[in-house]
Structures are given as structure tokens and as C-alpha cells.
2 protein chains.
Amino acid sequence: MKDSGRNQAERRLTERLGADGLRATPQREHVYEVLLQKRDHPTAEEVFIRAKRSKPGISMATVYNCLDALVHCGLVRQVQLDRGATRFCPNMREHGHFYCNGCDTVFDVDLPKKPEPRIVLPHGFKAEHFEVAIHGTCPDCAKTKVKPRTAKRVK
Amino acid sequence: MKDSGRNQAERRLTERLGADGLRATPQREHVYEVLLQKRDHPTAEEVFIRAKRSKPGISMATVYNCLDALVHCGLVRQVQLDRGATRFCPNMREHGHFYCNGCDTVFDVDLPKKPEPRIVLPHGFKAEHFEVAIHGTCPDCAKTKVKPRTAKRVK
DNA sequence: GTTCTCATTTAGAATTATTCTAAATCTTGA
DNA sequence: TCAAGATTTAGAATAATTCTAAATGAGAAC
């Protein structure tokens with residue numbers, strides 16, 4: 001049947017949320033689907049807008065709640081790249097993020113195979129998760145040569 | 001003489017700002033000094049508070065302006081770790097940041113020597129800068145076992 | 001030195017992003 | 001069916017950052 005992928009995603013969602021003592025509600029499922037549908041690292045606001053298209057009653061507070069729940073149970077990563085809003089990424093594969101200073105777009109980038117730069121933490125530190133962010137210029141912006149800056153707002 | 005270190009820092013500041021067409025103003029020097037004095041990854045607000053101690057007239061807008069100028073000219077890095085305020089770090093040596101989910105403290109961590117896992121970017125992408133952030137639990141918090149969470153706000 | 005121009009600073013308003021609150025609704029298990 | 005607790009909701013509140021316009025300051029041109 002044509003949406004077995006969707007059903008699978010839903011099962012996983014219920015499972016993961018459950019493991020954290022959380023319920024798989026229609027809103028949480030919907031927010032998760034929104035993230036899976038267009039993987040362009042949307043902000044909470046953007047998720048809200050998309051979620052409203054097929055679920056007009058959903059509220060911003062719920063979107064934040066759902067996103068938090070999804071992050072909490074390990075189905076979604078939150079990505080902090082610039083001074084703006086947090087972005088969300090349902091790709092849990094190990095990967096980094098390339099942030100284009102020119103157009104603010106975020107691209108997933110592969111990290112070297114069995115990489116984990118093998119960072120040695122001082123004694124007693126327990127790592128749970130790591131993020132690699134690369135800032136630079138994407139091909140399009142490199143061509144058009146606009147906004148060649150690192151920090152925002154300084155002319 | 002006892003403050004040659006400071007003079008050196010000031011020379012570098014003037015140089016770097018100048019290279020970007022910016023002036024080395026008393027406020028910019030002061031904000032830079034504040035960052036150098038206590039390298040605990042303060043937020044703009046914290047920098048503002050510290051800056052005011054010896055320069056009561058300085059304004060928040062100026063602190064943001066100065067921080068932007070310093071980031072822009074490559075003397076300071078901004079670090080985005082959680083949903084809270086941006087933090088600032090005057091350590092330009094290559095290093096990563098460990099963020100403790102328990103106490104929100106940020107620690108500098110060394111990256112493997114000639115590391116750069118050699119991330120291969122797709123054709124046309126130009127990397128300017130990269131950040132490695134590790135989220136986890138610091139030794140103190142590991143002992144006391146408080147707040148064992150990844151995302152905020154989900155009970 | 002005076003004047004012009006432009007950079008910078010400042011206070012405060014405005015905006016943006018996120019969190020909080022309390023009431024309504026829903027779910028689940030007894 | 002009911003009680004307890006989880007979730008959602010709207011809207012208020014807070015936090016973080018940016019914007020605005022006026023005042024100040026500094027260097028270039030006279």
C-alpha cells in the first residue's frame with residue numbers, strides 16, 4: 001500500500017515518544033510529518049505555518065511543545081546556526097550543517113566516514129551529542145558575490 | 001613594563017578593525033578587554049554588565065555594535081549553543097565547545113591535532129569557518145545527577 | 001583651526017523568538 | 001463513569017536582538 005512509509009514513521013514516533021513517557025498525539029504526528037516532508041531546516045515559525053495548512057487549529061505553543069517532545073525523544077535535532085531562530089532537522093543520521101552567510105540557507109553535509117574526530121574530553125565529561133556547523137558561502141551566492149560577510153549587521 | 005600584553009592586544013585590535021574599515025574606539029577596546037578578562041563565554045547581556053563596571057555610560061546597543069565589529073574583524077567568535085542568548089568567545093585558536101545540559105556552562109575543548117576531519121563539501125561551497133559543539137554533562141553535574149535531559153522544557 | 005562628512009554612540013522603541021499561564025479538552029485506567 | 005494527569009490552546013509575558021533618530025566624535029578638506 002502506498003503509505004507504508006508513513007505508517008512506519010508513525011510507529012517509530014509512538015515508540016520513541018512512549019519510551020520517554022510521552023503520548024503520540026495527532027499534533028505531534030503532524031508536526032513530525034511536516035518536518036519529514038520538507039527537510040529545509042525550518043524554524044518553529046515556519047513549522048507552524050506549514051502545520052496550519054492541514055491543521056488550522058494548531059497553535060504556536062503546541063508547535064513548540066511538539067518540537068520539544070520530538071527533540072527530547074531523539075527524533076529531531078535542533079540546530080543553532082546564527083543569531084536568528086532555532087531550526088529543526090529530522091535527519092538523525094550523523095551529519096553536519098553548512099550555513100550560507102549569503103542566503104541563510106542550511107545544507108546537510110556528510111561528515112567523514114568513521115569520523116568522530118575522536119575528541120578527547122577531560123575526565124568526567126560525558127558527551128551525549130555533537131554538532132558540526134560550517135559557515136561559508138553556497139555555490140549560488142559565491143557566483144553572485146553578495147553580502148560577503150561573517151557577522152551580521154556591520155556594514 | 002607591566003601592561004605590554006594589553007598594549008599588544010590593543011595594537012592588534014586597531015589593526016584588525018582597520019583592515020575592515022572600522023575604527024578602534026574606546027568602547028570597542030573596552031568590550032574586547034572585558035571578553036579577554038574572563039573567558040567564560042558570556043552573553044551580550046553579561047558583557048554589558050561587566051562593561052558597565054568601569055564604563056558606566058556604555059549602552060546595550062553599543063555592546064552589540066562592538067561585539068559585531070569584533071566578530072566581523074575576526075577577533076571574537078560567536079557561539080550558538082542552545083535556545084538562549086548568543087555567547088562570545090575571544091579564543092580564536094581552533095577549538096570546540098562543550099555545553100553542559102545540566103548547568104549551562106560552556107567549556108573550551110581541544111580538537112584533535114591536525115584534525116579537521118577533512119569534511120568534503122560539494123562543489124562550489126566555500127567554507128569560512130567551522131564550529132564544533134558537544135552537548136553533554138560536565139563532571140559536577142554528572143555527580144549530582146540533576147536535569148538529565150537533552151531538550152529543555154519537557155518534564 | 002574651522003567646517004564638512006561620515007562613523008559611532010546612545011536611549012529608547014520596536015521587533016522577534018521563546019516561554020509561561022490558566023483554562024479547556026482529551027486519554028487512560030480504576 | 002469518573003478522577004487524574006497529559007496535552008492543547010490563546011494570549012500574556014519575557015528575553016534577545018534589532019532598529020531609529022538624535023547627539024557626539026574624529027578625520028579630511030579647506
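Since the model is a prediction, treat every value here as computed from it, not as a measurement.

On to the overall build of chain A, then. In terms of helices and strands, chain A carries five helices and five strands. When the helices and strands of chain A are read in sequence order from the N terminus, they spell out α-α-α-α-β-β-β-β-β-α. Split into buried and exposed, the 155 residues of chain A put 31% on the buried side. Pairs at least 24 apart in sequence give 54% of the contacts found in chain A among residues at least 6 apart.

In this section: the protein's contact with DNA strand D. Around DNA strand D there are 24 residues in total, and T25, Q27, S59 and T62 of chain A together with T86 of chain B lie nearest to it. Among the elements of the structure, α2 (26-37) and α4 (60-72) of chain A together with α3 (44-54) and α4 (60-72) of chain B are those that each provide at least two residues to the surface near DNA strand D. Of the residues forming the surface near DNA strand D, the biggest block, four residues, is contributed by α4 of chain A. Grouping the amino acids of the surface near DNA strand D by side-chain chemistry returns nine nonpolar, nine polar and six charged.

Residues and elements named next belong to chain A. Per-residue confidence for chain A gives a mean pLDDT of 88; residues scoring 70 or more make up 86%. Looking over chain A, one finds the lowest element-wise mean pLDDT in helix α1 (residues 4-19), namely 83, and the highest in strand β2 (residues 87-89), namely 98. Long-range and interchain partners of residues 146-155, a stretch whose pLDDT sits below 50, account for 19 contacts in this model, where long-range means more than four residues apart.

On to the protein's contact with DNA strand C. If you check the shell around DNA strand C, you find 24 residues, and the closest are T86 of chain A together with T25, Q27, S59 and T62 of chain B. Of all the secondary structure elements, the ones that give two or more residues to the surface near DNA strand C are α3 (44-54) and α4 of chain A together with α2 (26-37) and α4 of chain B. Looking at the surface near DNA strand C, its residues break down into nine nonpolar, nine polar and six charged.

Here the focus is the interface of chain B and chain A. Where interface size is given, it is often the accessible area lost as the parts come together that is meant. Tallying the contact residues gives 41 residues for chain B and 41 residues for chain A. When residues of the side of chain B that touches chain A are traced back to their parent elements, those giving at least two are α4, β3 (95-100), β5 (126-137) and α5 (139-144) of chain B. Its residues placed into classes, the side of chain B that touches chain A shows 22 nonpolar, 10 polar and nine charged. As paired elements, strand β5 (residues 126-137) of chain A and β5 of chain B share 11 bridges and run antiparallel to each other.

Reading the values: rules and limits
- Residues numbered from 1 in each chain as written.
- Chains lettered and ligands numbered in written order.
- Predicted model: local features only at pLDDT ≥ 70, side-chain atom pairs only at ≥ 80, totals over all residues.
- Helix = DSSP H or I, 4+ residues; strand = E, 2+ residues; numbered from the N terminus.
- Buried ≥ 20, exposed ≤ 12 C-beta atoms within 10 Å, placed from the backbone.
- Contact = placed C-beta atoms within 7 Å.
- Near = placed C-beta within 6 Å.
- Nonpolar A, V, L, I, M, F, W, Y, C, P; charged D, E, K, R; others polar.
- pLDDT = per-residue confidence, 0-100.
- Pairing = 2+ DSSP bridges.

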